[in-house]
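What follows is each chain in one-letter form.
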Amino acid sequence: MNLTLRQLRIFEAVARHLSFTHASKDLHLTQPAVSMQIKQLEEEVGLPLFEQVGKKVFLTEAGKELQGYAATIQATLLEAGQVFDEMRGLERGRLKLSVASTANYFVPKLLAPFCRRYPHVRVSLDVTNRDRLLDELAANETDLVIMGEPPGNMELAAESFMDNPLVAIAPTGHPLQNNRNIPLKRLQEETFLVREKGSGTRSASERFFAEHGAALSAAMEMSSSEAIKQGVEAGLGVGLLSLHTLEMELALKRLVILDVRELPILRKWYIMHRSGKRLSAVARGFKDFVLNEAAHILALPTLPTLPTRR
Ligand code: PGA
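Thresholds, definitions, all that
- Residues numbered from 1 in each chain as written.
- Predicted model: local features only at pLDDT ≥ 70, side-chain atom pairs only at ≥ 80, totals over all residues.
- Heavy atoms only, no water.
- Bend = angle between axes of the 7 residues up to and from the residue.
- Helix = DSSP H or I, 4+ residues; strand = E, 2+ residues; numbered from the N terminus.
- Buried < 20%, exposed > 50% of the residue type's maximum accessible area, 1.4 Å probe, protein only.
- Contact = heavy atoms within 4.5 Å.
- Salt bridge = Lys/Arg side-chain N within 4 Å of Asp/Glu carboxyl O.
- Near = heavy atom within 4 Å.
- Polar contact = N/O pair within 3.5 Å; in protein donor to acceptor, adjacent residues only side chain to side chain.
- Areas by Shrake-Rupley, 256 points an atom, 1.4 Å probe, with all protein chains shown as cover.
- Nonpolar A, V, L, I, M, F, W, Y, C, P; charged D, E, K, R; others polar.
- Domains from an automatic or database assignment.

Q: How do you make sense of helix H4 (residues 61–92) when you look at a structure like this?
A: At 3.6 residues per turn, the α-helix brings residues three or four places apart onto the same side. Approximately 60° is the largest bend angle found in H4, and it occurs at Glu86. Three or more residues of H4 are buried, namely Ala62, Gly63, Leu66, Ala70, Gln82, Asp85 and Gly89. Against the buried residues of H4 lie helix H1 (5–17), helix H3 (31–45), strand S2 (56–59), strand S3 (94–100) and helix H11 (281–297).

Q: How should I be thinking about the pattern of salt bridges in this particular structure?
A: Oppositely charged side chains may form a pair once their charged atoms are brought near each other. In the structure shown here, the tally under the stated rule is 22 salt bridges. The closest approach of N and O atoms between Glu206 and Arg202, which form a salt bridge, is 2.7 Å. Separated by four residues within a single helix, Glu206 and Arg202 lie in helix H8 (residues 200–211), roughly one turn from each other. Judged by its relative accessible area of 33%, Glu206 is partly exposed. Ionic contacts of the salt-bridge type, sharing partners, join the residues Lys197, Arg202, Glu206 and Glu221 into one network.

Q: What am I meant to see in the site of the ligand here?
A: Close to the ligand lie 13 residues, the nearest being Ser101, Thr102, Gly148, Thr201 and Arg267. Here Arg195 contributes a side-chain N or O atom positioned 3.2 Å from an oxygen atom of the ligand. Arg267 places a polar side-chain atom, nitrogen or oxygen, 2.5 Å from an oxygen atom of the ligand. Surface burial for the ligand is 100%, taken as the share of its 280 Å² of free accessible area covered by protein chains. Of all the elements in the fold, those that place two or more residues in the shell around the ligand are H8 and strand S11 (265–274). By residue class, the composition of the shell around the ligand is three nonpolar, seven polar and three charged. Domain assignment of the residues forming the shell around the ligand places at least three in each of domain 2 (92–163 + 268–297) and domain 3 (166–257).

If you want it as structure tokens, here you go:
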């Protein structure tokens, strides 16, 4: 069959999203470009790969078959790349790192000293939310993943390397700013700005509220920690975010942390890969670097108001 890897990548994205629009956004291509590639692929296969019923896109039987082959081809190519990375060694290899969007606040601070130590290593960093990270792990599309909680339903080698406390934030001057030991029940009267579904921060917050018999009434949903901080600062409501995202706003006193009795939510950061995965020399090197040095390199903002109990 005469098809290109580019066509397979485009096919894989459309099959994953079951949407031409989302696939084209994901791939940074126009929708007509994506449709054209799929059309050429269908001509090559001689069968339709997708069918549209109403507004929904489905894989045909042939599409499902091709999806299996595309995954195998991508995994084989990745493995070949890892073999060559291994041969190039730690000095000249490539590292494909995927991190939860919240981790973007500290991962560059780890990459900088690592890349200074190994200046010829080439790094690609994918910053995305938890749902996409789970897909990447499942499809073995990345060397290492950093996120807030390993999924329970996958065989993973996951190790924690640093605390990840989630705290409640409010704009400076908020009426609860100087209160101590605020009960969670009081906090639920506030308007909450929450991360999008699929975010680790969001699911940890929802679980935490449910465990404490409280309701997190999400008044507004925002797709990044940055948007939530801006929203809270502008007085739209309060939020629950990782302390790692707050360094600048706390230093500039644009936001305050509310002293809520049941908070912070105590989470950890994990670095992980599929168990049994053959790590390249660079991936092994970076993983060791994170496990041994991250906690020394990265400091959480100092919090005069953060309760030390729990
Ligand atoms: P998030 O991830 O940026 O998707 O909320 C953080 C996490 O995994 O806890």
